[in-house]
Amino acid sequence: QVQLVESGGGLVQAGGSLRLSCAASGSIFVINDMGWYRQAPGKQRELVAAITRAGSTNYADSVKGRFTISRDNAKNTVYLQMNVLKPEDTAVYYCNADALSRLLHRDNYWGQGTQVTVSS
């Protein structure tokens, strides 16, 4: 089993910055793709950014140029640096990982979510 724990959410004014972290632990053999999703009230969960193990990245159009995803494979951790935050970025942010356990069982895992609130 693999656990994902997010941290770094909070309340920030528009134009400000936050950095989210997500650390994976448990019976990990290797973590493949990792990503950040978000869900605002009344809306579907959407992909914000994703990163492969090799470091290739993908971003939602709405965050390109403002958010940066990165990872530290040695620490099984993924980060999301969020700059120039806007009120519409307000949501619960979830970490996601495609992981292979030590029992060679591959599955998709989610963190518990961290709230990001951007005030205008």
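For the structure itself, look to the data block above.
Not measured: the values here are computed from a predicted model.

Draft legend 1. Geometry of the overall build of the chain. Along the backbone of the chain there are zero helices and eleven strands. Helices (α) and strands (β) of the chain occur, in sequence order from the N terminus, as β-β-β-β-β-β-β-β-β-β-β. A compact globule built from 120 residues would reach a C-alpha radius of gyration of about 14 Å, and the chain, at 14 Å, matches this within 12%. Projected onto the principal axes, the alpha-carbon positions of the chain cover approximately 50 × 25 × 20 Å. When the 120 residues of the chain are sorted by exposure, 42% land in the buried category. When contacts within the chain are restricted to residue pairs at least 6 apart in sequence, long-range pairs at least 24 apart make up 54% of them. Carbon and sulfur atoms make up 49% of the accessible area of the chain, which totals about 6,300 Å².

Draft legend 2. Up close: the state of the cysteines. Tallied over the full model, the rule gives one disulfide. For Cys-22, the disulfide goes to Cys-95, at an S-S distance of 2.1 Å. An S-S torsion of about -80° defines the bridge between Cys-22 and Cys-95 as left-handed. Residue Cys-22 is found in strand S3 (residues 18–26), and its partner Cys-95 is found in strand S9 (residues 91–101); the two are separated by 73 residues along the sequence. Side by side, Cys-22 and Cys-95 carry an identical accessibility label, which is buried.

Draft legend 3. Inspection of the pattern of salt bridges at higher detail. Considering all chains together, one arrives at five salt bridges under this definition. Among the ionic pairs, Asp-61 bridges to Lys-64, the shortest N-O distance being 3.1 Å. Asp-98 serves as the salt-bridge partner of Arg-106, at 2.5 Å between the closest nitrogen and oxygen. A relative accessible area of 55% means that Arg-106 is categorised as exposed.

Draft legend 4. Up close: the side chain of Ser-101. Structurally, the position occupied by Ser-101 is in strand S9. Ignoring any residue separated from it by four or fewer positions in sequence, one finds Ser-101 in contact with Ser-27, Ile-28 and Phe-29.

Draft legend 5. Summary view of the nonpolar core. Counting residues in hydrophobic clusters, the biggest one holds 32 residues, and the most contacted among them are Trp-36, Leu-80, Met-82 and Tyr-93. Within the residue set of this core, elements represented by two or more residues are strand S1 (2–7), S3, strand S4 (28–39), strand S5 (46–51), strand S7 (67–72), strand S8 (77–82), S9 and strand S11 (114–119). Considering every element that reaches this core, the biggest residue donor is S9, with five residues. In this view, Leu-80 contacts Leu-18, Arg-19, Leu-20, Trp-36, Val-48, Ala-49, Phe-67, Thr-68, Ile-69 and Tyr-93; residues no more than four positions away in its chain are not counted.

Draft legend 6. Region of the structure containing the packing of aromatic side chains. Going through the model one piece at a time under the given rule, you end up with one aromatic pair. One cation-aromatic arrangement involves Arg-19 over Tyr-79; the distance from NZ or CZ to the ring centre is 4.1 Å. If you follow Arg-45 out to its NZ or CZ, it ends over the ring of Tyr-94, 3.7 Å from the centre.

Basis of the calculations
Residues numbered from 1 in each chain as written. Predicted model: local features only at pLDDT ≥ 70, side-chain atom pairs only at ≥ 80, totals over all residues. Heavy atoms only, no water. Helix = DSSP H or I, 4+ residues; strand = E, 2+ residues; numbered from the N terminus. Rg over C-alpha atoms; globule rule 2.2 N^0.38 Å. Buried < 20%, exposed > 50% of the residue type's maximum accessible area, 1.4 Å probe, protein only. Contact = heavy atoms within 4.5 Å. Areas by Shrake-Rupley, 256 points an atom, 1.4 Å probe, with all protein chains shown as cover. Disulfide = S-S within 2.5 Å. Salt bridge = Lys/Arg side-chain N within 4 Å of Asp/Glu carboxyl O. Core = buried A, V, L, I, M, F, W, Y, C linked by side-chain atoms within 4.5 Å. Phe/Tyr/Trp six-rings, centres within 6.5 Å; stacked < 30°, edge-to-face > 60°. Lys NZ or Arg CZ within 6 Å of the ring centre and 35° of its normal.

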